[in-house]
Amino acid sequence: MKFNDFRGVKVIAAKCRFCGDAAAYRIDHARMSLCRSCFMKYYERKVYRTIVKYEMLRNAKKVALAVSGGKDSLSLLKALHRLIPENFPGIEIEIIYIDLGIPGYSEKYRKIVESICENFGITLHVYDLRLEENYVVPDFQRTAFKSRICGACGTVKRYLLNKIAYEIGADRLATGHNLDDITEVLFELYLRGSVKEIVRIKPVSWSTRDKLVTKIKPLIEMTEAENLCYALSNELPILGVRCPLAENSRMAKRKKLISMIEREVPGFRHTFYKSHLKRIMPYLVGAIQEPALIECNSCGMPSLSETCSYCKLVSKIRRNRAAQ
Ligand code: AMP
Ligand code: ZN
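Calculation notes
- Residues numbered from 1 in each chain as written.
- Chains lettered and ligands numbered in written order.
- Predicted model: local features only at pLDDT ≥ 70, side-chain atom pairs only at ≥ 80, totals over all residues.
- Heavy atoms only, no water.
- Helix = DSSP H or I, 4+ residues; strand = E, 2+ residues; numbered from the N terminus.
- Rg over C-alpha atoms; globule rule 2.2 N^0.38 Å.
- Buried < 20%, exposed > 50% of the residue type's maximum accessible area, 1.4 Å probe, protein only.
- Contact = heavy atoms within 4.5 Å.
- Areas by Shrake-Rupley, 256 points an atom, 1.4 Å probe, with all protein chains shown as cover.
- Lys, Arg positive; Asp, Glu negative; His and termini not counted.
- Charge placed at Lys NZ, Arg CZ, Asp CG, Glu CD.
- Donors = N, O, S within 2.8 Å, 3.2 Å for Na, K, Ca; no water.
- Tetrahedral: all angles 85-135°; square planar, octahedral: opposite > 155°, others 65-115°.
- Axes fitted to C-alpha atoms, helices over the stretch in contact; angles between N-to-C directions.
- Parallel < 35°, antiparallel > 145°, perpendicular 65-115°, else oblique.
- Left-handed = near helix turned anticlockwise from the far one by under 90°.
- Nonpolar A, V, L, I, M, F, W, Y, C, P; charged D, E, K, R; others polar.
- Pairing = 2+ DSSP bridges.
- Expected span 1.5 Å × (residues − 1).
- Polar contact = N/O pair within 3.5 Å; in protein donor to acceptor, adjacent residues only side chain to side chain.

1. Digging into the overall build of the chain
In step 1: For the chain, the helix and strand inventory stands at 11 helices and 11 strands.
In step 2: What you see for the chain is a C-alpha radius of gyration of 20 Å, in line with the 20 Å of a compact globule of 324 residues.
In step 3: Here the C-alpha coordinates of the chain stretch approximately 65 × 45 × 40 Å along the principal axes.
In step 4: Split into buried and exposed, the 324 residues of the chain put 51% on the buried side.
In step 5: Here the analysis covers contacts within the chain between residues at least 6 apart in sequence; of these, 68% occur between residues at least 24 apart.
In step 6: For the chain, the exposed surface amounts to about 16900 Å²; the carbon and sulfur share of it is 51%.
In step 7: Distance between charge centres in the chain, computed from 54 positive and 35 negative side chains, equals 5 Å.

2. Focus: the coordination of the zinc ion (ligand 2)
Working reference: metal with six octahedral donors, ideal angles 90 or 180 degrees; metal with four tetrahedral donors, ideal angle 109.5 degrees.
In step 1: The coordination sphere of the zinc ion (ligand 2), as far as protein atoms go, consists of Cys-296 (SG), Cys-299 (SG), Cys-308 (SG) and Cys-311 (SG), spread over 2.2 to 2.4 Å.
In step 2: With 4 donor atoms in place around the zinc ion (ligand 2) and angles of 103 to 117° between them, the coordination shape is tetrahedral.
In step 3: Mapped onto the sequence, the donors of the zinc ion (ligand 2) take the spacing C-x2-C-x8-C-x2-C. With Cys-296 in the loop between β10 (294–295) and β11 (302–303) and Cys-311 in helix α11 (residues 309–323), the pair connects residues that are 15 residues apart, well separated along the chain. Note on accessibility: Cys-296 and Cys-311 belong to one class, buried.

3. Side note on the packing of helix α2 (residues 71–87) against helix α8 (residues 224–233)
In step 1: In the contact formed by α2 and α8, the axes pass within 9 Å of each other and the chain directions differ by 60°. Judged by the inter-axis angle, α2 sits oblique to α8. Considering only the axes of α2 and α8, their crossing is left-handed. For the pair α2 and α8, contact is made by Lys-71, Asp-72, Ser-75, Lys-78, Ala-79 and Arg-82 and by Glu-224, Asn-227, Leu-228, Tyr-230 and Ala-231, respectively.
In step 2: Per-class residue counts for the contact of α2 with α8 are 4 nonpolar, 2 polar and 5 charged.

4. Here we look at the pairing of strand β4 (residues 62–66)
In step 1: Burial analysis of β4 places 5 of its 5 residues in the buried class, the great majority of the element.
In step 2: On β4, burial covers both faces: Lys-62, Ala-64 and Ala-66 on one face and Val-63 and Leu-65 on the other are all buried.
In step 3: In this sheet, strand β7 (residues 172–174) lies alongside β4 in parallel orientation, the contact comprising 3 bridges. Residue pairing for β7: Leu-65 is matched across the bridge by Ala-174.

5. Some words on helix α6 (residues 179–192)
In step 1: Between its first and last C-alpha atoms α6 spans 20 Å; for 14 residues at 1.5 Å apiece the expected length is 20 Å, and the two agree.
In step 2: Most of α6 sits out of view: 10 of its 14 residues are buried.
In step 3: Buried within α6 are the following residues: Leu-179, Asp-180, Asp-181, Ile-182, Thr-183, Glu-184, Leu-186, Phe-187, Glu-188 and Leu-189.
In step 4: For α6, the elements touching its buried residues are α7 (195–198), α8, α9 (250–264) and α10 (268–287).
In step 5: Where α6 begins, the side chain of Asn-178 points an oxygen toward the backbone nitrogen of Asp-180, at a separation of 2.9 Å.
In step 6: Where α6 terminates, the next one or two residues include Gly-193, which has phi positive at roughly 70°.

Structure (structure tokens):
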């Protein structure tokens, strides 16, 4: 196991801060060395505290957890599987996996998610885009979205995850977004001054109307490196296969850039996130009105305009097909 290319958590020769045993991980931003067992406790306590701090599970009955099969959402699955029965008894968890039909990628992660859910005895809802919607994400390559395929895929995932969570009767939709994801998005939005979008980046997005499920991000304060260590500590399967459609994406480049900044300014991500949440957000929340949602005239789901962005997107694929 090597963590040297994961700045922030790496193998070191030191003693565990809590128990004095040989440490397995060094967490730079917290200036802490921990053994494997204390790291797992530290991680789970931190996830628990995030959930409590932002009241993510207040009055919740059923959590739909979106699992992509990557280290973040698998770690979240494991942590919630441990934390919920003990700390939030009575709350159900069900898993959603969307098979996006990306060759050499989707089927591999689908197998991982299927086998983990079977091992854990958790209900899994697999949503196969090809079977259910009659298209796959690579179809966007043949549309004007070609160079912005990650954006189109994001719209598909956001829309379907909410719809499936609603249909299975969940009152929370949990995703594995981590601190690295959030700072990457914030970095771009602050750079562009997109205040309307900045105000939406938060740990919990409470439902404001029917068919819109409350979204929670319990790993928002965990770094990608911490999630990797937790996944490895629990021997969760880590494929490490990247989406072939996202190679060299602008998002990947920004993440690299932020890792370079973090190397020079340890704790950069935490500082950026905390300043956003504590210093900037209170002003923005008062100044920016949340846009009113209406019902999509095509699918009936919540939408910002007459036809929702998902229906518009899918109609492009269908039009493209008809023209061929
Ligand atoms: P990404 O948009 O790929 O950065 O993923 C962010 C989060 O969205 C993941 O941690 C998962 O919770 C969820 N997610 C991404 N892809 C899928 C998928 N194919 N099926 C279910 N959930 C997903
Ligand atoms: Zn629609």
